[in-house]
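Coordinate inspection notes
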Amino acid sequence: MSPHTGHSPARPPRSILPWLATPALVVYVGFAVVPLVGVFALSFTTWDGIGTIHDSGLDSWRAVLTDPGLPHALWVTFLVMAVSWAVQTPLSILLGTFLAGRQRYRAVLGVVYFVPLMLSSAAIAIAYKALLDPNFGLGAGLKLPLLVQDWLGRPGLAFGVVVFVVSWQFVPFHTLIYQGGVQQIPTSLYEAAQLDGAGRVRQFFSITLPQLKYTVITSSTLMVVGSLTFFDLIFVLTEGGPGDATRVLALDMYKRGFQASLMGPASVIAVILVLVGLALALLLRRLGGRDAGASQLEGV
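To start, this report covers the structure provided alongside it. (Residues numbered from 1 in each chain as written. Predicted model: local features only at pLDDT ≥ 70, side-chain atom pairs only at ≥ 80, totals over all residues. Heavy atoms only, no water.)

A word on the layout of surface pockets
Which parts of space are left empty comes out when a probe the size of a water molecule is rolled across the atoms. We count it as follows: Only protein atoms enter the calculation, which uses a 1 Å grid: trapped sets of points that fit a 1.4 Å probe without letting it out are cavities, open sets showing protein on both sides within 12 Å along at least five of seven lines are pockets, and any residue with an atom within 4 Å of a point is a lining residue. Grid points are joined across faces, edges and corners, and a volume is the space filled by probe spheres set on the points. What counts as a helix is a DSSP run of H or I of at least four residues, what counts as a strand is a run of E of at least two, and both are numbered from the N terminus. Residue polarity follows a fixed list, in which Ala, Val, Leu, Ile, Met, Phe, Trp, Tyr, Cys and Pro are nonpolar, Asp, Glu, Lys and Arg are charged, and the others, Gly among them, are polar.
Estimated volume of the largest pocket: approximately 800 Å³. Looking at the largest pocket, it is lined by 19 residues, and the ones nearest its centre are Thr-97, Ala-100, Gly-101, Tyr-190 and Gln-203. For the lining of the largest pocket, the secondary-structure elements that each account for two or more residues are helix H4 (69–99), helix H8 (155–183), helix H9 (187–195) and helix H10 (200–211). Examining the composition of the lining of the largest pocket, we find that 5 residues originate from one element, H10, more than from any other. Considering only residue class, the lining of the largest pocket consists of 7 nonpolar, 8 polar and 4 charged.

See the structure below:
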């Protein structure tokens, strides 16, 4: 048969399609399911990380769930999550819409803007810690009294710095997601809106935002679940301080497990983080309704 007859390439039989996913399934089980089961089993033991593991039943769970510091760590975790989402989402949508344009300078700006995404969280935390130093930082160097604050020594300011640095690092990533989402919107919708006399602001609220519904759900899921794992940036920047003002659950887990050598309680917190992340992901998926892909498949 000639290759130019117009026939589409042959598709693999449905019977072998499940086998194509086997390598990914093996990797997922080996690096996600097995460690999770191990951590869950470790939460019922007493272990200092070096010696013999001893079965302790529910002692670690009782110790963590009755610890008065757990509600505070949960509150700080959810507060960082909510505030960072409220900051990152509008900025990411606006920047993604802006960078989806076809002007040449926007492509250059997009490349420069994504530089923070390529830096490690520890390096970013060290840089901001030096810049915010009240004695030798940016404010002291420029002699600007407004910037000469004890940014990391006061609870409110320290929390604000954490949210700012997190947003500065991850807004480019979510901007990239929204940029791709905006580029998938049919241009015919905007052309029809222009014929009806709609301006750019009206087009943004009537066309762009509604069309980005599922993109918002995807970005929000990554943002919310990812905020549960903030550790290295906060550890280097504030170490959970001042006091416990920025002590999130992930940092609490590290301090219990690797500083206090309490692997059992640390494993309990790890299980709690997984359960909270799973619940939030399912909630966001429920709020988003059925995705467009599923609807398209049903129409085939």
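Now that the structure has been shown, we can carry on.
Quick word on the pattern of salt bridges
Short version of the rule: Any Lys or Arg side-chain nitrogen located within 4 Å of an Asp or Glu carboxyl oxygen qualifies as a salt bridge. Burial classes follow relative accessibility: with a 1.4 Å probe on protein chains only, a residue under 20% of its type's maximum area counts as buried, one over 50% as exposed, and anything between as partly exposed.
This structure, assessed with the given rule, holds 5 salt bridges. With a closest N to O distance of 3.1 Å, Asp-59 and Arg-62 form a salt bridge. In this pair, Asp-59 and Arg-62 are both assigned in helix H3 (residues 59–65), 3 residues apart and thus about one turn of the helix distant. As a salt-bridge pair, Arg-256 and Asp-252 come within 3.3 Å of each other at their nearest N and O atoms. In this pair, Arg-256 and Asp-252 are both assigned in helix H13 (residues 249–259), 4 residues apart and thus about one turn of the helix distant. In terms of burial, Arg-256 and Asp-252 fall into one category: buried.

Shape descriptors only; they carry no functional weight alone.
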